[in-house]
Amino acid sequence: MPIELFSKIMFFQVILSFAIISISKKIGFLDVPSERKIHTQPVPYSGGIIISIVHIYIIFLIDFESKFLHQILSYSFLICLSGLIDDRFKVNPGTKIFLQIIPIIFLVEQDLYLKDLGSYFFLGHLDLGYFGKIFTILCILLLINAFNYCDGVDGLLSSVHIIILLSFSFYLYLTGENFDYFLYTSFPLIIFLFFNFGFMKNFKIFLGDSGSNLLGFICGFNAIYLYELKNIHPSIIIWPLAYVVYEFLSVNIIRILYNREIFKAGSDHLHYEIKELLASKSNNTPLFLIIVVNIFFSIIGINLYYNFKPDISILLFITLFFVYLAMRFYFHKKLINK
């Protein structure tokens, strides 16, 4: 991987970031502080559109081995726009889901979807048949919104996605496949972190819904690509995604049991609750703990897959979800009684 390519990407993204941050401030495209939000100053939330444009730039720089990789990055620009609309106009949940479905269908119709869920020792081959496209759409929608749930602390969602991409890279490395695509697409996130953490005070930026939608979309189709074209078994692919999936399901289950609105924004996410329980003034505490958890899940997946049958991996994945859910209930009740 030539250093000059990374240099070109970095130079392009830095210049682009300065320009879009300045424009966002002028047109008032800002995330304004509120009771639920941690930051104290208005911050542009155009990080997603910056990363998406950089991805398009990468397509022109690098000829990846599969057309699907180019299509994932190309169509992700549309999902980014859907988030941008939501950031700007705060559309209702129905409109939001409709906007998210459109680019998903475009890519599914390019034949990138789940035809089956793999073969297992006890369950046999799980063929999806005609339900494959619908199932894929639902899975991608879940991931997009799961990523949105996990965005609330500087650097958190970007770091989680970087870990996922590096885990996918490692899977390909173990099978002797080329993994350059995942390294190149993780690089813009590393540069974004420089701005997101506010190392340059006047040029701090957030991902926004455009960014969380973008990362969830790319992550979901990357996972499908690994299985459908690289034969990486679903029982290993799911583990780097464990945290975002567990968190999304747990928050919604708790909201349903407490008769709260599912689609209403709240402070009942793990990153907020860790900070409150530990009475920490720093965002670094939940960031560090969740990154450790995410890495832990990825390591579990690799070890399970190479030492046990896929059935065991799936069974433990489900079991750990209930452990995670019990932990979230414990945290939630403790905060209520605090």
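Here, every reference points to the structure presented above.
A brief structural summary. (Residues numbered from 1 in each chain as written. Predicted model: local features only at pLDDT ≥ 70, side-chain atom pairs only at ≥ 80, totals over all residues. Heavy atoms only, no water.)

1. Some remarks on the overall build of the protein chain
Okay, step 1: Helices and strands together make up the secondary structure of the protein chain, namely 13 helices and four strands.
Okay, step 2: Computed over the C-alpha atoms, the radius of gyration of the protein chain is 20 Å, within 12% of the 20 Å expected from 2.2 N^0.38 for a compact globule of 338 residues.
Okay, step 3: Taken along its principal axes, the extent of the C-alpha atoms in the protein chain is 55 × 55 × 35 Å.
Okay, step 4: Per-residue burial over the protein chain gives 53% buried out of 338 residues.
Okay, step 5: Within the protein chain, residue pairs in contact and separated by at least 24 positions form 75% of the contacts whose partners lie at least 6 positions apart.
Okay, step 6: Here the protein chain contributes 24 positive and 23 negative side-chain charges, whose respective centroids are spaced 10 Å apart. (Helix = DSSP H or I, 4+ residues; strand = E, 2+ residues; numbered from the N terminus. Rg over C-alpha atoms; globule rule 2.2 N^0.38 Å. Buried < 20%, exposed > 50% of the residue type's maximum accessible area, 1.4 Å probe, protein only. Contact = heavy atoms within 4.5 Å. Lys, Arg positive; Asp, Glu negative; His and termini not counted. Charge placed at Lys NZ, Arg CZ, Asp CG, Glu CD.)

2. Side note on unusual backbone geometry
With glycine set apart, most residues show a phi of negative sign, and most peptide bonds adopt trans.
Okay, step 1: The phi angle at Asp-111 is positive, at roughly 80°, despite the residue not being glycine.
Okay, step 2: Summarising the element assignment, Asp-111 is placed in the loop between helix 4 (93-108) and strand 3 (116-120).
Okay, step 3: One non-glycine residue, Asn-259, adopts positive backbone phi at about 55°.
Okay, step 4: In this fold, Asn-259 is placed in the loop between helix 10 (242-257) and helix 11 (270-277).

3. Some details on the packing of helix 5 (residues 132-149) against helix 10
Okay, step 1: Direction vectors running N to C along helix 5 and helix 10 enclose 80°, while the axes themselves pass 8 Å from each other. One finds that helix 5 runs roughly perpendicular with respect to helix 10. Residues Leu-142, Leu-143, Asn-145, Ala-146, Phe-147 and Tyr-149 of helix 5 form the contact with helix 10, whose own contacting residues are Val-244, Val-245, Phe-248, Val-251, Asn-252 and Arg-255.
Okay, step 2: Tallied by class, the residues present in the contact of helix 5 with helix 10 amount to nine nonpolar, two polar and one charged. (Axes fitted to C-alpha atoms, helices over the stretch in contact; angles between N-to-C directions. Parallel < 35°, antiparallel > 145°, perpendicular 65-115°, else oblique. Nonpolar A, V, L, I, M, F, W, Y, C, P; charged D, E, K, R; others polar.)

4. What about helix 10?
Okay, step 1: The first and last C-alpha atoms of helix 10 sit 22 Å apart over 16 residues, in line with the 22 Å expected at 1.5 Å per residue.
Okay, step 2: Where burial is concerned, most of helix 10 is hidden: 12 out of the 16 residues are buried.
Okay, step 3: When we look at burial in helix 10, the residues that qualify are Ala-242, Tyr-243, Val-244, Val-245, Tyr-246, Glu-247, Phe-248, Ser-250, Val-251, Asn-252, Ile-254 and Arg-255.
Okay, step 4: Close packing links the buried residues of helix 10 with helix 5, helix 6 (156-174), helix 11, helix 12 (284-307) and helix 13 (310-336).
Okay, step 5: Looking at the residues trailing helix 10, positive phi occurs at Asn-259, about 55°. (Expected span 1.5 Å × (residues − 1).)

5. What about the side chain of Thr-185?
Okay, step 1: Tracing the backbone through its elements, the reader meets Thr-185 in helix 7 (residues 180-196).
Okay, step 2: Discounting chain neighbours no more than four positions away, the residues touching Thr-185 are His-55, Leu-73 and Leu-165.

6. What about helix 7?
Okay, step 1: Taking 1.5 Å of rise per residue, 17 residues should cover 24 Å, and helix 7 covers 25 Å from first to last C-alpha, within 8% of that figure.
Okay, step 2: Counting buried positions along helix 7 gives 14 out of 17 residues, so the element sits mostly inside the fold.
Okay, step 3: With its phi angle positive at about 75°, Gly-198 sits one or two positions after the end of helix 7.

7. Structural notes on the pairing of strand 4 (residues 124-127)
Okay, step 1: The sheet contact formed by strand 3 and strand 4 spans three bridges and is antiparallel. Looking at strand 4, one finds that Ser-119 is bridged to His-125.
Okay, step 2: From the end of strand 3 to the start of strand 4, which pair antiparallel, there are three residues. (Pairing = 2+ DSSP bridges.)

8. Here we look at a nonpolar patch on the surface
Okay, step 1: Judged by side-chain polarity, Leu-78, Leu-81, Phe-98, Ile-102 and Phe-106 come together as a nonpolar surface patch covering roughly 410 Å² of accessible area.
Okay, step 2: Contributions of two or more residues to the nonpolar patch are made by helix 3 (67-89) and helix 4.
Okay, step 3: When residues of the nonpolar patch are assigned to their parent elements, the largest contribution, three residues, is made by helix 4.
Okay, step 4: Relative to the helices and strands, Phe-106 is located in helix 4.
Okay, step 5: Relative accessible area serves as the criterion here: at 39%, Phe-106 is assigned to the partly exposed category. (Patch = residues over 30% accessible without salt bridge, like charges linked within 9 Å, V, L, I, M, F, W, Y side chains within 5 Å. Areas by Shrake-Rupley, 256 points an atom, 1.4 Å probe, with all protein chains shown as cover. Salt bridge = Lys/Arg side-chain N within 4 Å of Asp/Glu carboxyl O.)

9. Looking at the packing of aromatic side chains
Okay, step 1: Per the stated rule, a full pass over the model turns up 30 aromatic pairs.
Okay, step 2: Ring centres of Phe-6 and Tyr-184 lie 4.9 Å apart, and the angle between their planes is 20°; on these two criteria the pair is classed as stacked. Of this pair, Phe-6 sits in helix 1 (residues 3-27) while Tyr-184 sits in helix 7, and the two are 178 residues apart along the sequence. For the pair Phe-6 and Tyr-184, one class covers both residues: buried.
Okay, step 3: With a centroid separation of 6.4 Å and 40° between ring planes, the pair formed by Trp-239 and Phe-297 is classed as tilted. Placement of Trp-239 in the loop between helix 9 (234-237) and helix 10 and of Phe-297 in helix 12 is noted, with a sequence separation of 58 residues between them.
Okay, step 4: An aromatic cluster of at least three residues, connected via ring pairs, comprises Phe-6, Phe-64, Phe-168, Tyr-171, Tyr-181, Phe-182, Tyr-184 and Phe-187.
Okay, step 5: A cation over an aromatic ring shows up here: Lys-67 above the ring of Phe-68, its NZ or CZ 5.2 Å from the ring centre. (Phe/Tyr/Trp six-rings, centres within 6.5 Å; stacked < 30°, edge-to-face > 60°. Lys NZ or Arg CZ within 6 Å of the ring centre and 35° of its normal.)

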